[in-house]
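# Structure assessment
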Amino acid sequence: QLFHAQNGIVAGAKAYRALSSILAEILFATLTTTSSRNMSTSSSIAELLGSPQVVVGFGATTLVLLATTFFYLKNNEGSSDGGAASTSSALEKVEELDSEKYPGGYLTIYYGSQTGTAQMFAKQIASESESRGFHTRVVDLQDVVDNEDQRSISDIANLDASHNNIDVVNDDDGSLIRATLAHPHYREGNAMEGRSRAIFLVATYGEGEPTDNAQQFVEMMKSKSGIRDIYKLEDSPGLISVDSCVRMGVEVDEDGEEEKKNDSGSSLSNDMVLDRSFLRDLDFAVFGLGNKQYEHYNNMSRFMDASLAKCGASRIAPLGLGDDDDDLEGDFENWKDNVLWPALTEKFVKGGAAAALAAARKDNDVLELPECPYEVEYLKDGASKKIDLDMIQTSSKHYVQAMDCPIVASRELRDPSDAGSTVHMEIDISKHMSSLKYQTADNLGILPKNDSALVELVAKSLGFDLDQLFHLIPSAEESATKHTLPFPTPCIVRDCLERYCDLTGSPRRSDLKQLAPYARDEMDRKALLRMSSKEGKSEYKEKIVEAHVGIGDIVTRLCPSIVCPLEHFIMVCPRLQPRYYTISSSSTVHPKTIHITYALLESEKKNGGKFTGLCSGHLSSLSKGDMVRVFVRDSTFRLPKQPERPIIMIGPGTGIAPMRAILQERSYERKSIGDAQGPNILYFGCKNRTSDYIYRDELEAFSDEGTITELHLAFSREQAEKVYVQHLLAQRGAETWKLIDDGKASIFVCGAVKMGADVDHTLQDIIVQHGGMSREKAKAYLGKLQTAGRFVQELWS
């Protein structure tokens, strides 16, 4: 289908243009055989279709297409002649900003967020931008690649074509990126000569990876910047300038070896071409959200900063890095207030405008209710509203993807004498096989629910009717933008509070600041503002974070004077995030059920109460037959394509989960191919063999049948000096090196971040000692294995 009937937008510009050309050629050929008249391009469509033979031969439907084609071609005359017509139309659409109110001009803030924090930071900058003299828009990075505005793509192409000595971007990825990042309508001065300004707030997810909503954008930028390996930003082999007119494909095979092929080869899927002028008209700054516990700290923000610069963009301010293991919010505030705004002001706010704005900010330092990006429409019983999935924020897509599935088995894995709890749970996915199909050792996302008693307390404190059905509507300013709503509606207020609002997690300091205007009692308001300030960080850490205080505690117990309408509470309260568990079952052996292994998180509060982890507590409250809401996400664990290759598995505690799945798969595989399978070496650790040696019977059975070739057990509390899995690995350094280098073994690690770092360091020691490499080369060697998928770590803090 060429056209969307509802809005008349052309679906697929390339297909349309191609068809237009074909139809034009057919029309020309037919007309030349049926009429000897010469017709100029200024002829009317009626004159063109004047021949009866044409009408009969083409049919009515085709004539409609021909008429549209002629109209399209007619309206695009002159666009091939330097793009003057389209450029002028783009210029005409540029909104004239009030130079006194917005002396800094336009500013666009892009965010890549997994849990919503980067998006929250983006909104903070946007909320301050007007007082700083900038007109801002906030854009989800997913919207860059989902851009359906063919006019903006056409406008930027024509604008580029009007410049001399500038190559027009003619690939899909490049067109999409430039259509948003270099949009003619959001430039300084005029569209022809002006520059765009962008701030990127980018979180790093997992082991140095992009967030879900940034994945496609990152792949595009890898291609345009020539950065093939996101973990080696300084040294990107195979970088070639567009000017050289050469294209090179670089692949890494399963052994970690590079394979280069030219145009005659077949491996061109990873072509990397550096285009140094691609973003020549963009000024940018980047802030990253990361965690120093992970090896690839803030890897995505470093990549974004490097790739934008490689493509010709100009840096406004130095890269800012935030550490969630310490004070992410403080890092962001410091960068925003002391680096970003001063740089933007100095560069773009001229004359006395900066001083005037600063004075106005000081005079207007009054606590006001924040603007809400959506409204609540209450519905009568039985009323229905369609859920527009395009309006749901990409960081909340799991709310839509998840399915309710029954629990079919649940059993305690630890000995009754042990104070802790580790549970094996099996979930039936047979009714959702298409949406919940998984591969061995994938991740299972679980959407927890808040305790019903807490939900009722919050509703009572804020005056909400738990059974009231409502629908969220974007505000007038947000209605034209996709991905603006935080979760799907209609729903009842009870579901909103149970499923979508994080009532128990410690709110950030900025959340407390947003709550403060709703407190009617001055003492409550001052307390919230004090703990939200830079000076109140210590008090915030002690009274909120360490005390495990959530939004639910604040509105029901600590600051009961808070009065907040539902839509404002939804805006202020953080979203309830999914928890991820590595699946502990083989998809071949158990295609209709998913197994998980979880530890119940419990600790004592300072006030004598007990803190229970939200998701593990939710799961522990469920019994066989109860429903749990889940979805599947890809993991990085993948068995080697060559079954004869060895696998080294390191998974202490609940890190055994993916290893159990892999062993089930290898057991099935071994019985199919026999001796052709390579060795499987497992390192497992726990406190002692009598209390928390989970899955002991299964591991011993795998060992007895020959699936586990070597089983190395580290019982840390069975001797005076603690022994962990990395110690056992070091003792077998020579054998391990031979398996890795000669046998091309895969190494899979799962568990706590500190354990993962210790194992990584131990592997480096082994490579240095037995491989004869320097420490730097040993790290690079492991990096190549990681790129090839032979060294995989899934860790949690």
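Model, not experiment: these values are computed from the prediction.

### Structural notes on the pattern of salt bridges
The final tally for this structure, using the stated rule, is 34 salt bridges. In this structure, Arg-509 and Asp-327 form a salt bridge, with 3.9 Å as the shortest nitrogen-oxygen distance. Note that Arg-509 is positioned in helix H16 (residues 509-515) and Asp-327 in the loop between strand E9 (320-323) and helix H11 (328-348), a separation of 182 residues in sequence. Like Asp-327, Arg-509 is buried. Lys-526 is paired through a salt bridge with Glu-522; the nearest N and O atoms lie 3.1 Å apart. Note that Lys-526 and Glu-522 are positioned in helix H17 (residues 522-532) at a spacing of four residues, about one turn of the helix. When its relative accessible area of 45% is taken as the criterion, Glu-522 is described as partly exposed. Salt bridges sharing partners connect three or more residues here, namely Glu-128, Lys-336, Asp-337 and Lys-534.

### Structural notes on the nonpolar core
A general trend in soluble globular proteins is that nonpolar side chains are found buried together. One finds Phe-470, Phe-487, Leu-497, Leu-528, Ile-562 and Phe-569 to be the most contacted residues of the largest nonpolar core, which totals 51 residues. Every residue in contact with Leu-528, bar those within four places of it in the chain, is listed here: Leu-512, Leu-515, Ala-516, Ala-519, Ile-554, Cys-559 and Ile-562. If you look at the next biggest cluster of nonpolar residues, it comprises 31 residues, including Leu-181, Ala-198, Val-202 and Met-304.

### Notes on the environment of Pro-490
Relative to the assigned elements, Pro-490 resides in the loop between strand E14 (469-474) and strand E15 (491-492). As for Pro-490 and Tyr-378, which are separated by 112 residues in sequence, their C-alpha atoms are 9.1 Å apart.

### Considering a nonpolar patch on the surface
A surface patch of nonpolar side chains, about 230 Å² in accessible area, is lined by Ile-387, Leu-389 and Val-400. With respect to the helices and strands, Ile-387 occurs in the loop between strand E10 (374-379) and helix H13 (398-401). Given the relative accessible area of 38%, Ile-387 is considered partly exposed.

### Description of the packing of aromatic side chains
Tallied over the entire structure, the rule returns 16 aromatic pairs. On the basis of an interplanar angle of 25 degrees and a centroid distance of 5.6 Å, the ring pair of Phe-684 and Tyr-693 is categorised as stacked. Assigned by exposure class, Phe-684 and Tyr-693 land together as buried. Taken together, the ring pairs connect Phe-121, Phe-287, Phe-332 and Trp-335 into an aromatic cluster. One cation-aromatic arrangement involves Lys-224 over Phe-278; the distance from NZ or CZ to the ring centre is 4.8 Å.

### Points about the sheet that holds E15
Strand order in the open sheet formed by three strands is E10-E14-E15, with antiparallel pairing between adjacent strands. Either end of the sheet is taken by a strand with one partner, and the two such strands are E10 and E15. Inspection of the sheet shows E10 paired to E14 by six bridges, in the antiparallel sense. Counted as the bridge partner of Glu-377 is His-471 from E14.

### Here we look at the packing of helix H14 (residues 452-462) against helix H19 (residues 551-558)
Two elements in contact, H14 and H19, have axes separated by 9 Å at closest approach and are oriented at 50 degrees. When the interaxial angle is binned, H14 and H19 end up oblique. Viewed along their axes, H14 and H19 form a crossing whose handedness is left-handed. Where H14 approaches H19, its residues Leu-454, Leu-457, Val-458, Ser-461 and Leu-462 are matched on the opposing element by Gly-552, Val-555 and Thr-556. Of the residues belonging to the contact of H14 with H19, the class tally is five nonpolar, three polar and no charged.

### Brief notes about H19
Where H19 is concerned, the buried positions are Ile-551, Gly-552, Asp-553, Ile-554 and Val-555. In this fold, the buried residues of H19 make contact with H14, H16, H17 and helix H20 (566-572).

### Here we look at the side chain of Ser-421
Topologically, Ser-421 is positioned in the loop between strand E11 (403-412) and strand E12 (422-428). Take Ser-421: its relative accessible area is 16%, and that puts it in the buried class. At 2.6 Å, the side chain of Ser-421 and the side chain of Glu-412 are in polar contact. For Ser-421, the residues in contact, after removing those within four places along its chain, are Glu-412, Arg-414, Tyr-598, Ala-599 and Leu-600.

### With respect to helix H25 (residues 733-741)
When H25 is considered as a whole, its buried residues turn out to be Gly-733, Thr-736, Trp-737, Leu-739 and Ile-740. Here the buried residues of H25 occupy an arc of 160 degrees about the axis, which is enough to place them on one side. Here the buried face of H25 lies against strand E21 (647-650), strand E22 (680-686), helix H24 (725-731), strand E24 (746-752), helix H26 (753-771) and helix H27 (775-787).

### What about the side chain of Gln-664?
For Gln-664, the position within the fold is in helix H22 (residues 656-673). For Gln-664, the residues in contact, after removing those within four places along its chain, are Ser-584, Ser-585, Ser-586, Val-589, His-590 and Phe-702.

### Side note on unusual backbone geometry
At the junction of Thr-489 and Pro-490, the peptide bond is cis and its omega measures out at 15 degrees in the coordinates. Positioned with a positive phi, Lys-744 is a non-glycine residue whose angle comes to about 60 degrees. Topologically, Lys-744 is positioned in the loop between H25 and E24.

### Points about the sheet that holds E24
As summarised here, the arrangement of the five strands in space is E23-E22-E21-E24-E25, forming an open sheet in which the pairing is parallel. The open sheet is flanked by strand E23 (710-715) and strand E25 (791-796), the only strands paired with a single partner. With strand direction ignored, the average angle separating the axes of adjacent strands in the sheet is 10 degrees. Its contacts with the sheet put H26 on E21, E24 and E25, and the angle it makes with E24 is roughly 150 degrees.

### Details of the environment of Thr-136
Residue placement: Thr-136 occurs in strand E2 (residues 134-140). Taking C-alpha positions, Thr-136 is 9.8 Å from Tyr-102, a pair spaced 34 residues apart along the chain. At a separation of 3.0 Å, a polar atom in the side chain of Thr-136 contacts the side chain of Ser-129.

Thresholds, definitions, all that
- Residues numbered from 1 in each chain as written.
- Predicted model: local features only at pLDDT ≥ 70, side-chain atom pairs only at ≥ 80, totals over all residues.
- Heavy atoms only, no water.
- Salt bridge = Lys/Arg side-chain N within 4 Å of Asp/Glu carboxyl O.
- Helix = DSSP H or I, 4+ residues; strand = E, 2+ residues; numbered from the N terminus.
- Buried < 20%, exposed > 50% of the residue type's maximum accessible area, 1.4 Å probe, protein only.
- Core = buried A, V, L, I, M, F, W, Y, C linked by side-chain atoms within 4.5 Å.
- Contact = heavy atoms within 4.5 Å.
- Patch = residues over 30% accessible without salt bridge, like charges linked within 9 Å, V, L, I, M, F, W, Y side chains within 5 Å.
- Areas by Shrake-Rupley, 256 points an atom, 1.4 Å probe, with all protein chains shown as cover.
- Phe/Tyr/Trp six-rings, centres within 6.5 Å; stacked < 30°, edge-to-face > 60°.
- Lys NZ or Arg CZ within 6 Å of the ring centre and 35° of its normal.
- Pairing = 2+ DSSP bridges.
- Axes fitted to C-alpha atoms, helices over the stretch in contact; angles between N-to-C directions.
- Parallel < 35°, antiparallel > 145°, perpendicular 65-115°, else oblique.
- Left-handed = near helix turned anticlockwise from the far one by under 90°.
- Nonpolar A, V, L, I, M, F, W, Y, C, P; charged D, E, K, R; others polar.
- Polar contact = N/O pair within 3.5 Å; in protein donor to acceptor, adjacent residues only side chain to side chain.
- Arc of directions from axis to C-beta.

The values reported here are purely geometric and, on their own, carry no functional implication.
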